[in-house]
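Coordinate analysis (summary)
Chain by chain, the residues run as shown.
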Amino acid sequence: MYDALLAETVTFTGHGGDRVEAYAARPLAPGPFGGVVVIHHMPGYDRATKEIVRRFAVEGYAALCPNLYSREAPGASPEEASAIARSRGGVPDERLVGDVSGAVRELRGLASSNQRVAVVGYCSGGRQALLAACELDLDAAVDCYGAFATRLPPEDFPLAVTPVTPLLPGLSCPLLGLFGAEDTTPSPEETAELEAALKARGKEYEFHTLAGAGHAFFAVDRERYRPEPALEGWRLLLDFLARHLATDSGARATR
């Protein structure tokens, strides 16, 4: 099997017609492939997130991760850019949705695309993945320990965000939630609230709360990384994408 990849920094048209920096990776085989929009965690568009993008390409997907902070701090390090973004309350929801919409359009425009696209987000990106799936026509969404989907953050929290639950009627696709049993943002109680809201609206979802994991258990470069929950999380995530992004999992002829 031909296993060459292309990984590179690109730009695409995001919210408001802005050109947005992004990291892209895809197989160089002919395809067709599903697409994955990766939404980075609050610490920013960093090396570990780019490794995740390449992992999706290794697994047979075209992946694209927008640098959500590129407007606030073009050319800055991930640490500097995330600090500036936090000081301004984070990424506005409307802009986030516009950028993800542009990323989806970019992935579906690839000659190798099968027109099926998922969004996968980590930390603050988990909430943003759910938000995007409620506002856009997607094929799958993955929320990796995204907080504040059901509750407002504390007054001293650096992100100015609101709950996503009022938007759940618009959820366009199946949702996978991956959470840590020892997490506090979101806590298991908050995860249960989100699950109840999804169930009440008849939405398709599956949630997994992994033992021995707290927040950011996927983050290989941080002390919170937990290898066993991360391996199990990857298994669950890739199984979910295989079911919902396969070429024969549903037609997209109207796009």
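I will try to describe carefully the structure that is included in this document.

What counts, and where the lines are drawn
- Residues numbered from 1 in each chain as written.
- Predicted model: local features only at pLDDT ≥ 70, side-chain atom pairs only at ≥ 80, totals over all residues.
- Heavy atoms only, no water.
- Helix = DSSP H or I, 4+ residues; strand = E, 2+ residues; numbered from the N terminus.
- Rg over C-alpha atoms; globule rule 2.2 N^0.38 Å.
- Contact = heavy atoms within 4.5 Å.
- Areas by Shrake-Rupley, 256 points an atom, 1.4 Å probe, with all protein chains shown as cover.
- Lys, Arg positive; Asp, Glu negative; His and termini not counted.
- Charge placed at Lys NZ, Arg CZ, Asp CG, Glu CD.
- Salt bridge = Lys/Arg side-chain N within 4 Å of Asp/Glu carboxyl O.
- Buried < 20%, exposed > 50% of the residue type's maximum accessible area, 1.4 Å probe, protein only.
- 1 Å grid on protein atoms, 1.4 Å probe; cavity = no way out; pocket = protein on both sides within 12 Å on 5 of 7 lines; lining within 4 Å.
- Points joined across faces, edges and corners; volume = space filled by probe spheres on them.
- Nonpolar A, V, L, I, M, F, W, Y, C, P; charged D, E, K, R; others polar.
- Core = buried A, V, L, I, M, F, W, Y, C linked by side-chain atoms within 4.5 Å.
- Phe/Tyr/Trp six-rings, centres within 6.5 Å; stacked < 30°, edge-to-face > 60°.
- Lys NZ or Arg CZ within 6 Å of the ring centre and 35° of its normal.

It is worth spelling out the overall build of the protein at this point. Summing up its helical and strand segments, the protein has six helices and eight strands in all. Beginning at the N terminus, the succession of helices and strands in the protein can be written as β-β-β-α-β-α-α-β-α-β-β-α-β-α. Taken over the C-alpha trace, the protein has a radius of gyration of 17 Å; the compact-globule value for 255 residues is 18 Å, and the two agree within 12%. Projected onto the principal axes, the alpha-carbon positions of the protein cover approximately 50 × 40 × 35 Å. Residue pairs in contact within the protein that sit at least 24 positions apart in sequence constitute 71% of those at least 6 positions apart. When the accessible area of the protein is evaluated, it comes to approximately 11200 Å², of which 51% is carbon and sulfur surface. In the protein, 25 positive and 34 negative side-chain charges are present, and the distance between their average locations comes to 4 Å.

A separate point is the pattern of salt bridges. Counted according to the given criterion, the structure contains 13 salt bridges. Between Arg108 and Asp139 there is a salt bridge; the shortest N-O distance is 3.2 Å. Placement of Arg108 in helix 3 (residues 93-108) and of Asp139 in the loop between helix 4 (124-135) and strand 6 (140-144) is noted, with a sequence separation of 31 residues between them. Like Arg108, the residue Asp139 is buried in the burial classification. Where salt bridges share partners, they join Asp18, Arg71 and Asp99 into one cluster.

It is worth spelling out unusual backbone geometry at this point. Pro32 follows Gly31 through a cis peptide bond whose omega is 5 degrees. Note on placement: Pro32 falls in the loop between strand 2 (19-27) and strand 3 (33-39). At Tyr145, a residue that is not glycine, the phi angle is positive and equals roughly 45 degrees. Under the relative-accessibility criterion, Tyr145 is labelled buried at 3%. Not every positive phi belongs to a glycine, and Ala216 is a case in point at roughly 65 degrees. Assignment of secondary structure puts Ala216 in the loop between strand 8 (205-210) and helix 6 (227-245).

Our focus in this paragraph is empty space enclosed by the protein. What the rule picks out here adds up to one cavity of 30 Å³ or more. Approximately 60 Å³ is the volume attributed to the largest cavity. Taken together, Gly146, Ala147, Phe148, Ala149, Thr150, Phe179, Pro186, Glu190, Thr191 and Leu194 make up the lining of the largest cavity. If one sorts the elements of the lining of the largest cavity by residue count, helix 5 (residues 188-200) sits on top with three residues. Here the residues of the lining of the largest cavity sort into six nonpolar, three polar and one charged.

Okay, the nonpolar core next. Counting 83 residues, the largest nonpolar core has Phe56, Tyr122, Leu237 and Leu241 as the members making the most contacts within it. Among the elements that line this core, the one with the most residues is helix 6, at eight residues. Not counting residues within four places of it along the chain, the set of residues in contact with Phe56 comprises Val36, Val38, Tyr61, Ala63, Val120, Tyr122, Trp234, Leu237, Leu238 and Leu241.

This model, assessed by the stated rule, comprises nine aromatic pairs. Arranged with centres 6.2 Å apart and planes meeting at 35 degrees, the rings of Tyr145 and Phe218 form a pair that is tilted. Taken together, the residues Tyr145 in the loop between strand 6 and strand 7 (175-180) and Phe218 in the loop between strand 8 and helix 6 connect sequence positions 73 residues apart. These aromatic residues form a ring-pair network of at least three members: Phe56, Tyr122, Tyr145, Phe217, Phe218 and Trp234. The ring of Trp234 carries the charged tip of Arg55 above its face, separated from the ring centre by 4.3 Å.

Quick look at the layout of surface pockets now. Take a probe with the size of a water molecule and roll it over the atoms, and the empty space left behind shows itself. Roughly 480 Å³ of volume is contained in the largest pocket. Around the largest pocket sit 30 residues that line it, and Met42, Pro43, Cys123, Ser124 and His215 are the ones nearest its centre. Of all elements in the fold, only helix 2 (78-87) and helix 4 reach the threshold of two or more residues within the lining of the largest pocket. Of the residues that constitute the lining of the largest pocket, the class distribution is 15 nonpolar, nine polar and six charged. Estimates place the volume of the second largest pocket at around 240 Å³. Surrounding the second largest pocket, 18 residues form its lining, Ala48, Ile52, Phe218, Val220 and Trp234 being those nearest its centre. Elements that contribute at least two residues to the lining of the second largest pocket include exactly helix 1 (47-58) and helix 6. For the lining of the second largest pocket, the element with the highest residue contribution is helix 1, accounting for five residues.

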